[in-house]
Amino acid sequence: MGSMFWRILWKLLGASRGRLALALVALSCGAAITSALLNVNLDAERKLTQEFRTLGANVVVAPASTGSDAALADAAVMDRIAALGDPRIAAAAPYLYMAVSIPTNSGTQPVILAGTWFDQVAKMNSWWKLEGSWVASREDRMHCLAGRTAARQLGLAPGSHIDLRSGDHNVALTVTGIVTTGGSEDDQIFTSLAVAQELANLPGQVSLVQISVAGTSSEIQAVTHRLTDALPGLEVHPVRQIAAAEGSILGRIRGMLFWTIALILTLSALGVLASMAALAMERSRDVGLMKALGGPVPRIMRLFLTEAGVLGVLGGAIGFAVGIVLARWIGGRVFGVAISPRLELFPVTVVLTVAVALAGALPLRLLGRVRPAEILRGE
Amino acid sequence: MTPLVQVRQLEKRFGAICALDHVSFDVEAGEWIAIMGPSGSGKTTLINILGGLDHVTSGQVMVDGLEIGQLGERELTRYRSDKIGFVFQQFHLVPYLTALENVMLAQYFHSITDEKDAAEALRRVGLGDRLEHLPAHLSGGEQQRVAIARALINHPKLILADEPTGNLDEANEAVILNLFRELHSSGHTILVVTHSQAIGNLADRRLELEHGRLARISVPSLAKK
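Keep in mind that this is a model prediction, so the values were computed, not measured.

Asks: Would you mind showing me how to read the overall build of chain A here?
Replies: Along its length, chain A carries 12 helices and 12 strands. Out of the 379 residues in chain A, the part that is buried amounts to 41%.

What follows is the structure in structure tokens.
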């Protein structure tokens, strides 16, 4: 393509500024939304799985079912989980459950005690509502948390003192906070794992381990397999409802973004089509003349398709830039964080926009069928 | 010597309408032919067929050894680019290209562009100072001179002009006629469709069409002299 080609193209672009500007606006809008949604899509999974990880455990490690309370896993299981070093394991909390009695004015009240690691519980259950404060460390033997229902029954509030008894063992603790979870945890008292093991006289034993795994359904499945291999004799199973719900949400979001992009690009193509149809009417005489002068159809069409391609590249570039701003805004509104721009989406956006521009340039392609004799006669 | 143009039993139909009815004639290289006749007599159809813009229904049209009725679309495009120079009544310049670029456009479709040659062609028709003007900024006569420069730029075998002075005032008509005279004297073969007796009188021969038939071929008195 020589300099005359670009010279004519430049003049073509200048001669139809108005209509081409409309087509460019349609393309830029489509590209902006496409780029924004692709950006959001790439970051959405990461952001959402982070969000999901605050919604509690999605994998549970428990002793093989024997129907006996004696089937307790060794606390050393926590070392083996840590030894895996899997970055997808966001948190792991051991639990030892036992029944304890608490002296009250009218005798004693039985209650379920859960010994655990508070730092891990806090990490995977940040949605728990807490009145007061968390127990500062997993080694703390002086403090405990109380579930909301248990606290009401026992008349506990942050700062209250309670005695916990189990057989010959007893321990006096101070309540630092009251938790509301909406689940069975509301009926329980939470102490450090060491306190529970001492009360139950089960040193080094846990009932189960709750694990929070970040990732899609397939990643959760992969971590489950790794854990099963690393923990022979224990059952490792995902909390199916949570894992399935997370996978389903991600799938639906991906599907919605895909169809939204398809719809937006179709609308852009229709916008371009409308502008190009008007342009084709204006240019039919020029094309008839060019053909009369001996212009081969492919050569003439190359001019118009390059023009559409230039519009596509411009629209894609403008749209990508606007899309980054839009993605940041959507990220802020939906996820509460700024979506980081992905430069690898630039070529994708431009290629998609060029494809849309070429699809929208269909009326210009039809100009190749113009019969010069009819056009020059003014028909 | 073989005539440059040989038309034998040319028939052109548009549905039931017969635009050209078994027309036959020859044109020698270097001749200036005026095609005359009332509106609807088939003059423009004849020019369009000779220019490769329309297809024949039957008969034979040979131009410079090519039977154009046998040419496909691609060959016809090449034929128009190589052999024909068109001059239209409506000028038909591309409005967003300058005078120079309009001439270069014909070069571009023919082979390669040469800005100096294009500028020289415009100087020859007296538009050396209008190279960068857009058609909208040129008078009718100047636009037609650009069209003539464009028609000549690829050294065509045949110049086909359809009412070249039909949209011009007398002064501009005279300028264009002078240009045609110069082209003729320099050996160009010209076929001009015209209603103008003045142009008809300048030609070597006049082909007169009536209802698609070639009614007569005459030699104007000026040519006889």
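Asks: Which parts of the structure should I look at to understand the overall build of chain B?
Replies: Assigned secondary structure in chain B consists of 8 helices and 10 strands. Looking at the 225 residues of chain B, the share that counts as buried comes to 48%. Taking the intrachain contacts of chain B between residues at least 6 apart in sequence as the baseline, contacts between residues at least 24 apart amount to 65%.

Asks: In this structure, what is going on with the interface of chain A and chain B? I would like to understand it.
Replies: Often, the extent of an interface is quoted as the loss of accessible area upon association of its parts. Across the contact, 19 residues belong to chain A and 21 residues belong to chain B. Elements with a minimum of two residues in the side of chain A that touches chain B: helix H1 (3-15), helix H8 (240-292) and helix H12 (372-377) of chain A. Class assignment of the residues belonging to the side of chain A that touches chain B gives a composition of 11 nonpolar, 4 polar and 4 charged.

Asks: Any chance you could explain helix H10 (residues 345-360) of chain A here in plain terms?
Replies: One full turn of an α-helix is made of 3.6 residues, so residues set three or four places apart face in the same direction. With 16 residues, H10(A) extends 22 Å from end C-alpha to end C-alpha; this agrees with the ideal 22 Å at 1.5 Å per step. The complete set of buried residues in H10(A) reads Leu345(A), Thr349(A), Val350(A), Leu352(A), Thr353(A), Val354(A), Val356(A), Ala357(A) and Gly360(A).

Asks: Explain the nonpolar core to me, please; I cannot follow it from the model alone.
Replies: The tendency in soluble globular proteins is for nonpolar side chains to be buried as a group. Core analysis: the biggest nonpolar cluster contains 115 residues, and Ile35(B), Val103(B), Leu122(B) and Leu191(B) have the highest contact counts within it. With sequence-adjacent residues up to four places away left out, Val103(B) is seen in contact with Ala118(B), Ala121(B), Leu122(B), Val146(B), Ala149(B), Arg150(B) and Ile153(B).

Asks: What's the story with the packing of helix H5 (residues 140-152) of chain B against helix H6 (residues 170-185) of chain B in this structure? I'm lost.
Replies: The packing of two helices is summarised by the inter-axis angle and the distance between the axes. Residues and elements named next belong to chain B. In contact at an axis separation of 9 Å, H5 and H6 are set at 15° when each is read in the N-to-C sense. It follows from the interaxial angle that H5 and H6 lie roughly parallel. Crossing hand, H5 versus H6: right-handed. Only Asn172, Val175, Ile176 and Leu179 of H6 make contact with H5, whose side of the interface consists of Gly140, Gly141, Gln144, Arg145 and Ile148.

Asks: Any chance you could explain the sheet that holds strand S6 (residues 84-87) of chain B here in plain terms?
Replies: Adjacent strands of a sheet pair through backbone hydrogen bonds, lying either parallel or antiparallel. All names here are of chain B. Sheet architecture is open: 6 strands sit in the order S6-S7-S8-S3-S9-S10, paired in mixed fashion. Looking along the sheet, the strands with just one partner apiece sit at the ends: S6 and strand S10 (213-218). Strand after strand, the sheet turns through a mean of 20° between neighbouring axes, direction not considered. The strands that H5 touches are S6 and strand S7 (158-162); relative to S6, the one it contacts most, it runs at about 170°.

Asks: How should the sheet that holds strand S1 (residues 5-14) of chain B be read in this particular structure?
Replies: Taken together, 4 strands build an open sheet; the order of strands is S2-S1-S4-S5 (chain B) and the sheet is antiparallel. Strand pairing shows two members of the sheet lacking a second neighbour, strand S2 (17-27) and strand S5 (66-67) of chain B, which therefore form its edges.

Asks: What is the right way to look at the environment of Pro3(B) in this model?
Replies: Residues and elements named next belong to chain B. Residue position: Pro3 is located in the segment before S1. Assessed through the 16 C-beta atoms surrounding it within 10 Å, Pro3 is described here as partly exposed. In this structure, the C-alpha to C-alpha distance between Pro3 and Glu28, residues 25 residues apart in sequence, is 4.5 Å.

Asks: What is the right way to read unusual backbone geometry from this model?
Replies: Phi is mostly negative for residues that are not glycine, and the peptide bonds are mostly trans. All names here are of chain B. Positioned with a positive phi, Gln9 is a non-glycine residue whose angle comes to about 50°. Take Gln9: it is sitting in strand S1. Looking at Gln9, the number of C-beta atoms within 10 Å reads 13, which means it is partly exposed. Although it is not a glycine, Asp64 adopts a positive phi angle of roughly 50°. Relative to the helices and strands, Asp64 resides in the loop between strand S4 (58-63) and S5. Classification of Asp64 as partly exposed rests on a count of 18 C-beta atoms within 10 Å.

Asks: Is there a simple way to think about the pairing of S2(B) in this case?
Replies: Residues and elements named next belong to chain B. Bridging between S1 and S2 involves 7 bridges; their strand directions are antiparallel. Paired with Arg13 across the two strands is Cys18, which belongs to S2. Counting the residues in the hairpin turn of S1 and S2 gives 2 residues, including Gly15, whose phi is positive at 65°.

Asks: When you look at the packing of helix H3 (residues 99-110) of chain B against helix H4 (residues 115-124) of chain B in this model, what are you seeing that I'm missing?
Replies: Residue and element names in this part refer to chain B. It is the contact of H3 with H4, at a shortest axis distance of 9 Å, that shows an interaxial angle of 120°. Between H3 and H4, the angle falls in the class oblique. As for how H3 packs across H4, the hand of that crossing is right-handed. Residue-level inspection shows Ala99, Leu100, Val103, Met104 and Gln107 of H3 in contact with H4, the latter providing Glu115, Ala118, Ala119, Ala121 and Leu122.

Asks: Is there a simple way to explain the environment of Pro103(A) in this structure?
Replies: Inspection of the secondary structure assignment puts Pro103(A) in strand S3 (residues 89-104). Along the chain, Pro103(A) and Asp163(A) lie 60 residues apart, while their C-alpha atoms are 6.8 Å from each other.

Asks: I tried to follow the confidence of the model for chain B on my own but got confused; where do I start?
Replies: Note that predicted coordinates carrying low pLDDT should not be read in detail. With 98% of its residues at a pLDDT of 70 or more, chain B shows a mean pLDDT of 92. Listed scores for the predicted complex are pTM 0.69 and ipTM 0.90.

Criteria and cut-off values
Residues numbered from 1 in each chain as written. Chains lettered and ligands numbered in written order. Predicted model: local features only at pLDDT ≥ 70, side-chain atom pairs only at ≥ 80, totals over all residues. Helix = DSSP H or I, 4+ residues; strand = E, 2+ residues; numbered from the N terminus. Buried ≥ 20, exposed ≤ 12 C-beta atoms within 10 Å, placed from the backbone. Contact = placed C-beta atoms within 7 Å. Nonpolar A, V, L, I, M, F, W, Y, C, P; charged D, E, K, R; others polar. Expected span 1.5 Å × (residues − 1). Core = buried A, V, L, I, M, F, W, Y, C linked by C-beta atoms within 7 Å. Axes fitted to C-alpha atoms, helices over the stretch in contact; angles between N-to-C directions. Parallel < 35°, antiparallel > 145°, perpendicular 65-115°, else oblique. Left-handed = near helix turned anticlockwise from the far one by under 90°. Pairing = 2+ DSSP bridges. pLDDT = per-residue confidence, 0-100.

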